[in-house]
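Single-letter residue listing:
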Amino acid sequence: MKARRDVFQAIADPTRRAIIGLLAGQTLTLNTVAENFRMSQPAVSKHMRILTECGLVVVVKHGRQRHCTARLTALEEVAKWAEQYRVFWNSRLDTLQNLLNKNE
């Protein structure tokens, strides 16, 4: 049985992050997405498959073209994960700042 991909796997690759950024504000055809990268159409299609498997991109077929749209709400999982570390490091840095201020 094949394991379902998650958002973290999708954003681990710089090309996929670039595709998400490209689609963040617009819907594009798969061919238009591919034109923005120096790789083959099948390679871009593989990245798009991974992005759709984890829910970051939706691909809808209209006639002979496939239109791609980003689903940025899927990134909320990443934001929640990163938030716990932001809170941790802010607390640590505040403690460090207090120590430095006491030694002045």
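Up top is the structure.
Reference entry: report on the structure contained in this document. (Residues numbered from 1 in each chain as written. Predicted model: local features only at pLDDT ≥ 70, side-chain atom pairs only at ≥ 80, totals over all residues. Heavy atoms only, no water.)

**Points about the environment of Ala 79**
- Note that Ala 79 resides in helix α5 (residues 76–102).
- For Ala 79, a relative accessible area of 48% puts it in the partly exposed group.
- For Ala 79 and Val 57, which are 22 residues apart along the polypeptide, the C-alpha to C-alpha distance reads 17 Å. (Helix = DSSP H or I, 4+ residues; strand = E, 2+ residues; numbered from the N terminus. Buried < 20%, exposed > 50% of the residue type's maximum accessible area, 1.4 Å probe, protein only.)

**A look at helix α4 (residues 41–53)**
- With 13 residues, α4 extends 18 Å from end C-alpha to end C-alpha; this agrees with the ideal 18 Å at 1.5 Å per step.
- Taken as a whole, α4 has its buried residues at Val 44, His 47, Met 48, Ile 50 and Leu 51. End-on, the buried residues of α4 take up no more than an arc of 160°, which puts them together on one face.
- Where α4 is buried, its residues meet α1 (7–11), α2 (14–23), α3 (30–35), β2 (57–62) and β3 (65–70).
- Of the residues flanking the end of α4, it is Gly 55, one or two places downstream, whose phi is positive at about 90°. (Expected span 1.5 Å × (residues − 1). Arc of directions from axis to C-beta. Contact = heavy atoms within 4.5 Å.)

**Description of the sheet that holds β2**
- In space, the 3 strands of this open sheet follow the order β1-β3-β2, with antiparallel pairing throughout. Strands with a single pairing partner mark the edges of an open sheet, and in this sheet they are β1 (28–29) and β2.
- Pairing of β2 with β3, which is carried by 6 bridges, proceeds in the antiparallel orientation. In the sheet register, His 62 faces β3, and the bridge partner there is Gln 65.
- Along the sheet face, α2 touches β1, β2 and β3 and points at about 90° away from the line of β3.
- Along the sheet face, α4 touches β2 and β3 and points at about 115° away from the line of β2. (Pairing = 2+ DSSP bridges. Axes fitted to C-alpha atoms, helices over the stretch in contact; angles between N-to-C directions.)

**Let's talk about the nonpolar core**
- Counting residues in hydrophobic clusters, the biggest one holds 20 residues, and the most contacted among them are Ile 19, Leu 23, Val 33, Val 44, Met 48, Leu 51 and Leu 56.
- Listed by contribution, the elements that provide at least two residues to this core are α1, α2, α3, α4 and β3.
- Excluding residues that lie within four positions of it along the chain, Leu 56 makes contacts with Val 7, Ala 10, Ile 11, Ile 20, Leu 51, Thr 69, Ala 70, Arg 71, Ala 74 and Leu 75. (Core = buried A, V, L, I, M, F, W, Y, C linked by side-chain atoms within 4.5 Å.)

**What about the side chain of Thr 15?**
- Within the element layout of this structure, Thr 15 appears in helix α2.
- Contact partners of Thr 15, with chain neighbours within four places excluded, come to Phe 37, Met 39 and His 47.

**Side note on the environment of Val 57**
- For Val 57, the position within the fold is in strand β2.
- Distance from Val 57 to Thr 69, taken between C-alpha atoms, is 5.5 Å for residues 12 residues apart in sequence.
- The residues touching Val 57, leaving out its near neighbours within four places in the chain, are Leu 23, Met 48, Leu 51, Thr 52, Cys 68, Thr 69, Ala 70 and Arg 71.

**A look at the packing of α2 against α4**
- At a minimum axis distance of 10 Å, the contact between α2 and α4 shows a crossing angle of 75°. Relative to α4, the element α2 is oriented roughly perpendicular. On α4, the residues that touch Thr 15, Arg 16, Ile 19, Ile 20 and Leu 23 of α2 are His 47, Met 48, Ile 50 and Leu 51.
- Tallied by class, residues from the contact of α2 with α4 come to 6 nonpolar, 2 polar and 1 charged. (Parallel < 35°, antiparallel > 145°, perpendicular 65-115°, else oblique. Nonpolar A, V, L, I, M, F, W, Y, C, P; charged D, E, K, R; others polar.)

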